[in-house]
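The chain contents come next:
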Number of protein chains: 2
Amino acid sequence: MSAKHSQLAGTLTDEILSGRYQAGDRLPSERELAVRFNVNRGAVREAMSRLSQLGVADVQPGGARVAPINEASLDIIGHMLASTQVPDAQLLGQIFQVVERLLSMAAEALVERGRATDIEAVRARVLQLLDSRLDSEAHAAARIEMMRTIMITSGNLVCQLIAHGLFKQFAPTLEAVKPYVQLDVEQFNRLARRLDGALATRDRRTVREVFDDFSELHNRTLTPAIEAAVRQSVRPSESITRQNPGPSSRRSPGANVDPSDNLAPRSRDTEVAAS
Amino acid sequence: MSAKHSQLAGTLTDEILSGRYQAGDRLPSERELAVRFNVNRGAVREAMSRLSQLGVADVQPGGARVAPINEASLDIIGHMLASTQVPDAQLLGQIFQVVERLLSMAAEALVERGRATDIEAVRARVLQLLDSRLDSEAHAAARIEMMRTIMITSGNLVCQLIAHGLFKQFAPTLEAVKPYVQLDVEQFNRLARRLDGALATRDRRTVREVFDDFSELHNRTLTPAIEAAVRQSVRPSESITRQNPGPSSRRSPGANVDPSDNLAPRSRDTEVAAS
DNA sequence: AGGACCATTTTGGTCCTACCAAATTGGTCG
DNA sequence: CGACCAATTTGGTAGGACCAAAATGGTCCT
C-alpha cells in the first residue's frame, strides 16, 4: 500500500536495526539498491534521505555508512517495537519509565508554578477517571487524556514533544498488548486519589511519590501482560480481529510486502513459516 | 554553503515556528515556492520532505498544511534555539530540566540494577571531575563525559536517544553561552562527592537528591549566564572569535543567505537593522 | 619496499521534464 | 439548499543527464 520509497526505507531501517550491518559498514550504493529492489533511483534516494534523518545512516558523497545506534533519532523506537512480532518487554519498560518520569516532572512543575485553573483542569481529569464506572477501554482512554492534560498544562514544550513522539510510536504496540493488561483498578484509584489531594494542596513531594508508585504499578501490570502476549504469540495487529476470511481475490495480509513486486531482497525465505 | 533544499527547509521551518503560519494553514504549493525562491521544484520537494519528517507540516496530495507545534519532532528544538539571536532562557531551562531528570533516572537504574564495573566506571568519571585541577573548559568537558557515561551504562536506550538528540541540538547554543557561565565549583564538587558516595553504597535515594540539587544548581548558574549574554547581545557563533578580516574576495559570513541567489523571499527587509 | 602523489572510477547531489493519482474547487443539476 | 460531477490544482513518481566530492588503484619518487 505505502509508497516504494517508504517500504524501502522500512526494509533498510529494519536491516540496520537488526544488526545485519555493523556501525561503520558501507551500505550498498544507491544505484545498486535501485537494481536490487527494482525501483527507480529516486525512490532509493528518498529512502536514504529518511535513513539519514532517522540517524541510522550517515550518507555522504562517496558512500553511505551506518551510524551507531545510540546516535539515532528517537523515531527509531517505533521501528524497533514493530520489528519483532511480540514487543520487546525491556524496551517497552524503558519507554514507560521515561514517560512516567517526564509526567512526574510536568506535574511537579504544575504544582510549583502552574496556574490554579490548570491545576483544576488536571484534577477534573483525575476525578473523572475515578468516579465514572468505565470499562477498561474507556479507563485507558481517560488515563491517556489525563496524561495529555498534565503535559500540556505543564508548559514544558520539550516534555510535550518527547511524550507525544514516544506515544505516537508505541501506541500501536500498546494496542496490541492491551487485551492482556489487567490493571489493578483499586490500587490505581487509590493513587489517583492521592494525586488529586496532592494537586489540591500543591504538594510537590507527594506528587512525585505518587508518580513513582504509578511507575511501579505500571511495571507490575505490563510485565505479565507481555508475558501473556508472548504465550499467545499472535500477530498483534490484524490477525486477532480478522474472523471472516473475505473473498479469495484478496492479496497478502498487507503488513508484509506485496509478492507481486519484489521490494524485499530476492528469494529471502520468510522467517516465520506458516504452520 | 549548504544546499538549496536545506536552506529552504530552514527558512520555511523558521517561518512556521515563528508563528507566521497558523496551524492548519495551507502552505504555498510546491510549484509556487519553486518560482518564489527561484529553485527547482525538486529542491522544494526535498525541503517539504524535511518539514514533513520534522513534523511541522503535513504534506499530502492536494496541498501541505502546517501541523500543530506540539506534534512536531524533538528536532525542532534546535531550530527554535537558533532562530533567536539570544537563546530563549525558558526553553533552555526546560531542556536542562529534562536532561537532568533523565540523567537521574539513568543513575538510579544504575545503582539499582547496574553491574559493579559500570558503577566503578561512573565513579571514576566523577572522581576525575573532582581531583584534577581543570580550567572551566576542561571541567565542562569532563561533566559532559560523566553524563555520557551515566547514560550509556544505564542501558536505557530511550534515555540515551533523547539525551543525545537534545544535546546535539543545544550544543551550539551552549557553546555560545559558555563564556558567561560561572559555575560554583565548590558547591558542584560537594555534590559530586555526595554522588560518588551514593554510587559506592548504591543509595538510590541520595542519587536522586543529588541530581535534584544539580538541577537547581544548574538553573542558578544558567539564568545569570543568559542574562549576561543578553546584555552583551552579540551574535553567538562566529563574530566573537573573528578578528582578522581576511581577503576582500570573501563572500558574506556564510551563516546568512548568499546574496547572489535569492533564496529568501523577495525584498524582505532585514528585521534587525544594523545599528 | 614504502610512502606520497595523482588520474580514474565510483558515489551521492542537483536539475529537468514528463506524466500519474489524489484532493480541491467550482459549477451544475435535482 | 444540498448532492453530485468534471476541470483544475497539487503532490507523487519516474527516468535521464550531468556535476562534485570521495574512494580507489596505479605510478612515481625517495
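These numbers were taken from a predicted model, which means no experiment stands behind them.

### Concerning the overall build of chain A
The secondary structure content of chain A amounts to 10 helices and 2 strands. Expressed as a percentage of the 275 residues in chain A, the buried residues total 43%. Of the contacts made within chain A by residues no fewer than 6 positions apart, 67% connect residues no fewer than 24 positions apart. Here chain A has roughly 15,000 Å² of accessible surface; of this, 49% comes from carbon and sulfur atoms.

### With respect to the protein's contact with DNA strand C
By nearness alone, 19 residues border DNA strand C, and Glu30 and Arg45 of chain A together with Ala3, Asn40 and Pro61 of chain B come closest of all. For DNA strand C, the fraction of atoms within 4 Å of the protein that belong to sugar or phosphate moieties is 72%. Between DNA strand C and the protein, one listed contact pairs a base nitrogen with a side-chain N or O atom of arginine 31 of chain A at 2.9 Å. The separation between a phosphate oxygen of DNA strand C and a polar side-chain atom of asparagine 40 of chain B is 2.8 Å. Here the surface near DNA strand C is composed, by residue class, of 4 nonpolar, 7 polar and 8 charged.

### A short note on the protein's contact with DNA strand D
Close contacts around DNA strand D come from 19 residues, with Ala3, Asn40 and Pro61 of chain A together with Glu30 and Arg45 of chain B the closest. Within 4 Å of the protein, the contacting atoms of DNA strand D are drawn from sugar and phosphate to the extent of 70%. Between DNA strand D and asparagine 40 of chain A, the relevant distance is 3.2 Å, taken from a phosphate oxygen to a side-chain nitrogen or oxygen of the residue. One of the backbone N or O atoms of proline 61 of chain A is found 3.4 Å from a sugar or linking oxygen in DNA strand D. Put simply, the parts of the chain that give the surface near DNA strand D at least two residues each are helix H1 (4-17) of chain A together with helix H2 (30-36), helix H3 (41-54) and strand E1 (57-60) of chain B. The residue inventory of the surface near DNA strand D, partitioned by class, reads 4 nonpolar, 7 polar and 8 charged.

### Some words on the interface of chain A and chain B
The interface of chain A with chain B comprises 37 residues on the first partner and 37 residues on the second. Summed over both partners, the interface of chain A with chain B buries about 3,300 Å², with 55% contributed by carbon and sulfur atoms. We note a salt bridge from aspartate 212 of chain A to arginine 208 of chain B, for which the minimum N-O separation is 2.9 Å. The interface formed by chain A and chain B includes 8 residue pairs in polar contact (both at pLDDT 80 or more).

### Observations regarding the pattern of salt bridges
Two side chains bearing opposite charge may form a pair once their charged atoms approach each other closely. One pass over the structure, following the stated rule, counts 40 salt bridges over all chains. Across the pair arginine 101 of chain A and glutamate 108 of chain B runs a salt bridge, and its minimum N-O distance is 2.6 Å. You can see arginine 101 of chain A sitting in helix H5 (residues 89-113) and its partner glutamate 108 of chain B sitting in helix H5 (residues 89-113), one on each of two chains. For arginine 101 of chain A, a relative accessible area of 10% corresponds to the buried category. By relative accessible area, which is 2% here, glutamate 108 of chain B ends up buried.

### Focus: the nonpolar core
The biggest cluster of nonpolar side chains holds 145 residues, and the ones touching the most others in it are Ile95 and Ile162 of chain A together with Ile95 and Ile162 of chain B. Residues contacting isoleucine 95 of chain B, with those up to four places away along its chain left out, are Val158 of chain A together with Ile77, Leu81, Leu166 and Phe170 of chain B.

### Notes on the pairing of strand E2 (residues 63-66) of chain A
Residues and elements named next belong to chain A. Burial along E2 is one-sided: the face carrying Ala64 and Val66 is buried and the face carrying Gly63 and Arg65 is not. Sheet topology places strand E1 (residues 57-60) next to E2; 4 bridges connect them, and they run antiparallel. Within E2, the residue paired with valine 59 across the bridge is alanine 64. In sequence, E1 turns back onto E2 through a hairpin of 2 residues, with glycine 62 there showing a positive phi of about 110°.

### Here we look at unusual backbone geometry
Residue and element names in this part refer to chain A. In this structure, asparagine 38 takes a positive phi of about 60° despite not being glycine. Tracing the sequence through the fold places asparagine 38 in the loop between helix H2 (30-36) and helix H3 (41-54). Unlike most non-glycine residues, arginine 202 shows phi in positive territory, near 50°. With relative accessibility at 36%, the residue arginine 202 sits in the partly exposed group.

### Notes on the relation of the copies chain A and chain B
Least-squares fitting of chain A to chain B yields an RMSD of 0.1 Å, with the superposition described by an axial translation of 0.0 Å and a rotation of 180°. Both copies of the chain, as the preceding transformation shows, are related through a two-fold rotation axis.

### So, the side chain of threonine 221 of chain B
Residue and element names in this part refer to chain B. By the element assignment, threonine 221 lies in helix H10 (residues 204-232). What makes threonine 221 buried here is its relative accessible area of 11%. A distance of 2.8 Å separates a polar side-chain atom of threonine 221 from the backbone oxygen of leucine 217. Among residues more than four places away in sequence, those in contact with threonine 221 are Val181, Gln182 and Leu183.

### Focus on the packing of aromatic side chains
Under the criterion given, the structure shown has 8 aromatic pairs over all chains. Centre to centre, the rings of phenylalanine 96 of chain A and phenylalanine 170 of chain A are 5.7 Å apart; their planes meet at 10°, and the pair counts as stacked. Placement of phenylalanine 96 of chain A in helix H5 and of phenylalanine 170 of chain A in helix H8 (residues 157-177) is noted, with a sequence separation of 74 residues between them. Each member of the pair phenylalanine 96 of chain A and phenylalanine 170 of chain A is classed as buried. On the basis of an interplanar angle of 50° and a centroid distance of 5.1 Å, the ring pair of phenylalanine 188 of chain B and phenylalanine 214 of chain B is categorised as tilted. Of this pair, phenylalanine 188 of chain B sits in helix H9 (residues 185-200) while phenylalanine 214 of chain B is found in helix H10, placing the two residues 26 residues apart along the sequence. On the basis of relative accessibility, which here comes to 1%, the residue phenylalanine 188 of chain B falls in the buried class. Phenylalanine 214 of chain B sits in the buried class, given a relative accessible area of 3%. In this arrangement the basic side chain of arginine 143 of chain A is found over the ring face of phenylalanine 188 of chain A, its NZ or CZ atom lying 5.7 Å from the centre.

Analysis parameters
Residue positions are given per chain, counting from 1 as you read along its sequence in written order. A letter from A marks each chain and a number from 1 marks each ligand, given out in the order of writing. Local features in a predicted model are, by the rule used here, given only for residues with pLDDT of at least 70; side-chain atom pairs are given and counted only at 80 or more, and totals for whole chains, interfaces and linings are based on all residues. The side-chain quantities take in all heavy atoms of the structure and omit both hydrogens and water. A run of DSSP states H or I qualifies as a helix once it reaches four residues; a run of E qualifies as a strand once it reaches two. Both are numbered from the N-terminal end. Residue exposure (1.4 Å probe, protein chains only): buried if accessible area is under 20% of the type maximum, exposed if over 50%, otherwise partly exposed. The contact rule is simple, with two residues in contact once any of their heavy atoms fall within 4.5 Å. Only the protein chains shown count as covering a residue, and every accessible area follows the Shrake-Rupley method with a 1.4 Å probe. If even one non-hydrogen atom of a residue comes within 4 Å of a molecule or strand, that residue is called near it. Polar contact is defined as a pair of N or O atoms within 3.5 Å, subject to the rule that within protein one atom must be able to donate a hydrogen and the other to accept it, and that residues adjacent in sequence are counted only when both atoms are side-chain atoms. In this classification, the charged set is Asp, Glu, Lys and Arg, the nonpolar set is Ala, Val, Leu, Ile, Met, Phe, Trp, Tyr, Cys and Pro, and all remaining amino acids, among them Gly, are polar. Note on definitions: buried area is the accessible-area loss of two parts on being combined, 1.4 Å probe, summed for both. By convention in these notes, a salt bridge is any Lys or Arg side-chain nitrogen within 4 Å of a carboxyl oxygen on Asp or Glu. By nonpolar core is meant a set of buried Ala, Val, Leu, Ile, Met, Phe, Trp, Tyr and Cys residues that side-chain atoms within 4.5 Å join together. Pairing between two strands requires that DSSP report at least two bridges joining them. The copies are overlaid by a least-squares fit using only the C-alpha atoms of residues whose pLDDT is at least 70 in both copies. Each pair of aromatic rings taken from Phe, Tyr and Trp, with Trp reduced to its six-membered ring, is defined by centres within 6.5 Å and is described as stacked if the planes are under 30 degrees apart, edge-to-face if over 60, and tilted in the remaining cases. Two conditions define a charge located above a ring, namely a distance within 6 Å from the ring centre to NZ of Lys or CZ of Arg, and an angle within 35 degrees of the ring normal.

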